[in-house]
Each structure stands twice: as structure tokens, then as C-alpha cells.
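Examination of the molecular architecture
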Amino acid sequence: MDTKVVKSSMYETVMQQFNKIADNINLDQNIRKILEATTNEIVVHFPVKLDNGEVKVFTGYRVQHNNVLGPYKGGLRYHPSLDINDAKALAMWMTWKTSLAGLPYGGAKGGIQLNPREYSAGELERISRRFTFALGDNIGPEYDIPAPDVNTNEQTMAWIADTYMSTKPAAERSCNKHVVTGKPVGTGGLEGRDRSTGFGVYLTIKLWFQNKNESLKGKTFIVQGYGNVGYWVSHFLTLDGATLLAVQDAHATLYNEKGIDAESLHEHSKPVQGSIKGFTGATEIPAEDFMSLPCDILIPAALGNQITGSNAHLIKASLVAEGANGPTDVEGERILLERNIGLIPDILCNSGGVIGSYFEWLQNRNGEIWTMDEVMQKLERKLGEAYKKVSSIANEKNIDWRSAAYILAISRIETAYKQRGIFP
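What comes next concerns the included structure. (Residues numbered from 1 in each chain as written. Predicted model: local features only at pLDDT ≥ 70, side-chain atom pairs only at ≥ 80, totals over all residues. Heavy atoms only, no water.)

Here the focus is the overall build of the protein chain. Along the backbone of the protein chain there are 13 helices and 12 strands. Rg of the C-alpha trace for the protein chain: 21 Å, near the compact-globule value of 22 Å for 424 residues, within the 12% margin. Expressed as a percentage of the 424 residues in the protein chain, the buried residues total 57%. In the protein chain, of all internal contacts separated by at least 6 residues, the share reaching a separation of at least 24 is 69%. (Helix = DSSP H or I, 4+ residues; strand = E, 2+ residues; numbered from the N terminus. Rg over C-alpha atoms; globule rule 2.2 N^0.38 Å. Buried < 20%, exposed > 50% of the residue type's maximum accessible area, 1.4 Å probe, protein only. Contact = heavy atoms within 4.5 Å.)

Have a look at this one:
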């Protein structure tokens, strides 16, 4: 008998999650038809001249799922596995995430199908600028606002903003600065936006244990992915007395039973296309051993569908905090819940990023400059409000946290449609 577990796609995962909650809350059938479809799916093919003079044609995506609550919002990722279905799944998750956080945004996602490690900085700049030009008016500060995601960063956003603004009349350029968020502070970025996603993951973990009358001091954690999110959540957790035992990225898996220094590892891996491989403050272990390491907290902060039916039974953590989008598929989650392993869902756990983006968008829109302290206080308050709402409904209905988060997010969108009506 073949017992092989077939890995589902992110799109299959998000649709199963949506259908489960739509049935649970008896979602209006007409609104259900709208929400299970994407509004726009944009695919662009564009040429870029490489350093060696060769011209290569790249494929880029921007999927806009829903904007009933406000402009489309969501990141751009550069990854060789990205396809239209991934973008659709990620866009739908963004719709739920912005709704849950109480933001005036809808959901979108996109990016380019490429491995950025294969291109120079100059080539990545030309690719990013040409992609922006190809998207044209499919993005805009009051229509669809991109942000960083996997393998993109503040530099990418600066290139996109500059390219977009350069296509506008001179008198309108400065008022289009908020076409993207996650920009460098010097070009209109927000103090604290760089750490907002990781801080949100940290804060939800902290609140989880506080509700159990426990502190983070002495807790152990492991992190999959050591980019922006993985580093910042490690930074904040270790400041609170937790110990980083293991880190995994696409190139290596590191372990140190006495603890890994988060700052030293960051210095080792922080180049734009860096890697944790070769870090001397830990021992490299087989990748397949990562999920089964004994710890208190597992933080998947890399790509989707990492916790599945084939490895969920190996996890020894008492809590999984989803730093990435869609890291746990439906079967993997079923096993975790059966084993009484806590799970903080992605649309709550990593929502600090889009909340920070909202603050940057407001700052640019209003011509204001906020301090780091102001930003972190606002972020903590907004995240805390969302956390309490999810916790309350999970306890009240005696359901898992993802279901509670989805009920809140989808119900808010349903209310908006019922109040506004369907055009015409």
C-alpha cells in the first residue's frame, strides 16, 4: 500500500480553509461566489538586457483578489517557483489579513519568476524597473500598493517607487510616493517598518504565553528562514530571554544546544542574497532533522506548505507561530491540532508587516514623519487588538485559532458587501 503524502498547493490550501469557514458561518452564497474568485490576474512578459548583453524575457505576476474594504495591498516576491496559482493564494490570504487587522485595504500579491541569486545588483535593478513599467497603472497609491516579500527588500521598493513616479507628470511625482511601502527611510519609508513583521510574530508569541501565565524567559525556539522576518523575531525573542536553538534556510540547517547568537548570525547572512551556511557559531545538521528538534516554539518564516501530513507528526514544539504565509497545509494542521500543539495563524501572526505598511502609507499620504517609538506603540496596540479578538472568539466558540481568525476576517467583508450592495 502506497502511504506517500501528496503535497498540496498553496492555492488548494487557501481554498480549503475558505470553504471550511464559509460553510461554518453560512456565508451568503452570492458573496461567497465573489470571494472565491480573484478580481484581476495580471501576467506580464518583459525583456531586460543582462550584463553580458543578452536579452532575457521575464514573467511577472500581480493578482488582485478583492478591494471591497479599500485599495489592493500585498507584497512582491522574486522566486523561481512563483506561478499564478501561488500569487492567487497569497492575494487571498492578504484579503483576510488586512480585514482581520481592521485596515482599509484589500488583498493582492505578485512578483517575478526568477532566482535573484543568479543576477547582479545592476540586473536586479533593471528587472525591477522594467517590471514596474510593464505593470503600468495596474498599481497605484490609491489602487494597488506593493511591498517587500520573499527575496525583495527596501532597495527593491525604492527602485519601483522611483520608476513609477518617473512615469507621472512632474507636478504629480511627489504625491505618488506611497505607491509602495517598505521603502528606505530616506525615500519616504517608515521608521520601524523593517522589523514590523518580525515584531508582530514575537508579540503574538509573547501574548500566547502571557495568557498561560508564562514568560518567554527560558523558552527555546527554532526558525525556518532567516531573512527579515526570521532575524527580527529571533532578535526580539532573545531580548526577552528565549534561546534560539536552530535555524534553517535553503542552503543549510544549523543547531547549537547552548543557543545561537541571533545578531552574529544576522551579520553573517545579511548580504542581499546571503545564507546562513558557513556560520561558525553552530553545527550543521541534516535538513530533515529540523522539524523534529525538541523546542518550545517552531517559527516557519520561509515559504508555504512546509508543515504537511508527512512531517507534522514529527514536530516536538508546543507552539507553531506562522511567520510565513501559508506554511501549514490543511492535513498538517489537522495533525497539529490532534496533538494539542498550539498554532498562531499567519493572517494574525505575521500581520505586523501590513500594519506597518499601512502606517507608512498614511505617513506619506499626510506628509508626516513618525518616530520609531510612535510606530512601535501604534503597532503593538493594533496587533494587540486583533489578538484579543481572535482569542475571544476561539474561546467563545471553542474552535482553533485559524478558524476564529477567518470568521472575523470574512464576516467583516460580508458586512461590507451587505451594506454597500452589489453594483449595479
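This next bit is on unusual backbone geometry. A cis amide bond links Phe423 to the next residue, Pro424, at an omega of 0°. If you trace the backbone, Pro424 turns up in the segment after α13 (401-420). Positive phi is not limited to glycine here, since Asn151 has a value of about 65°. Here Asn151 shows up in the loop between β5 (144-148) and α5 (154-166). The exposure class assigned to Asn151 is partly exposed, which follows from its relative accessible area of 32%. Positioned with a positive phi, Asn305 is a non-glycine residue whose angle comes to about 55°. In this structure Asn305 comes out as buried when scored by relative accessible area, which is 3%.

The next subject is the packing of helix α12 (residues 372-397) against α13. Axis separation between α12 and α13 bottoms out at 8 Å; the angle between their running directions is 115°. It follows from the interaxial angle that α12 and α13 lie roughly perpendicular. In this structure, α12 meets α13 at a crossing whose hand is right-handed. Mapping the contact onto sequence places Tyr387, Lys389, Val390, Ser391, Ile393, Ala394 and Lys397 in α12 and Trp401, Ala404, Ala405, Ile407 and Leu408 in α13. Grouping the amino acids of the contact of α12 with α13 by side-chain chemistry returns nine nonpolar, one polar and two charged. (Axes fitted to C-alpha atoms, helices over the stretch in contact; angles between N-to-C directions. Parallel < 35°, antiparallel > 145°, perpendicular 65-115°, else oblique. Left-handed = near helix turned anticlockwise from the far one by under 90°. Nonpolar A, V, L, I, M, F, W, Y, C, P; charged D, E, K, R; others polar.)

Right, let's get into the sheet that holds strand β7 (residues 243-248). Two modes of strand pairing occur in sheets, parallel and antiparallel, and in both the strands are linked by backbone hydrogen bonds. Read from one edge of the open sheet, seven strands run β9-β8-β7-β6-β10-β11-β12, paired in mixed fashion. Strands with a single pairing partner mark the edges of an open sheet, and in this sheet they are β9 (283-284) and β12 (342-344). In the packing of helix α7 (residues 228-239) onto the sheet, contacts are made with β6 (220-224), β7 and β10 (297-300), and the angle to β6 comes to roughly 170°. (Pairing = 2+ DSSP bridges.)

Taken as a whole, this structure holds 21 salt bridges when the rule is applied. Asp23 is the salt-bridge partner of Arg32, the closest N and O atoms lying 2.8 Å from each other. Taking the relative accessible area as the measure of exposure, Asp23 reaches 52% and is therefore exposed. For Glu360, the salt bridge is made with Lys183, and the minimal N-O distance between the two is 2.7 Å. (Salt bridge = Lys/Arg side-chain N within 4 Å of Asp/Glu carboxyl O.)

This part takes up the sheet that holds strand β1 (residues 40-49). Read across the sheet, five strands follow the order β1-β2-β4-β3-β5 without closing on themselves; strand pairing throughout is mixed. Looking at strand neighbours, the two that pair on one side only are β1 and β5, the edges of this open sheet. This sheet shows a mean twist of 20° between the axes of neighbouring strands, independent of strand direction. Strand direction decides the pairing type here: β1 and strand β2 (residues 55-66), joined by 10 bridges, are antiparallel. Considered in β2, the bridge of His45 is made with Thr59.

Applying the stated criterion to the full structure yields 19 aromatic pairs. Ring geometry for Tyr387 versus Trp401: centroids 5.0 Å apart, planes at 55°, classification tilted. In this pair, Tyr387 is assigned in helix α12 and Trp401 in helix α13, connecting sequence segments 14 residues apart. According to the relative accessible area criterion, Tyr387 is buried, its value standing at 2%. By way of ring pairs, the aromatic residues Phe199, Tyr202, Tyr226, Tyr231, Trp232 and Phe236 are connected into one cluster. Here Lys219 stacks its cationic end above the ring of Phe209, 5.0 Å away from the centre of that ring. The side chain of Lys378 reaches across the aromatic face of Trp370, ending 4.7 Å from its centre. (Phe/Tyr/Trp six-rings, centres within 6.5 Å; stacked < 30°, edge-to-face > 60°. Lys NZ or Arg CZ within 6 Å of the ring centre and 35° of its normal.)

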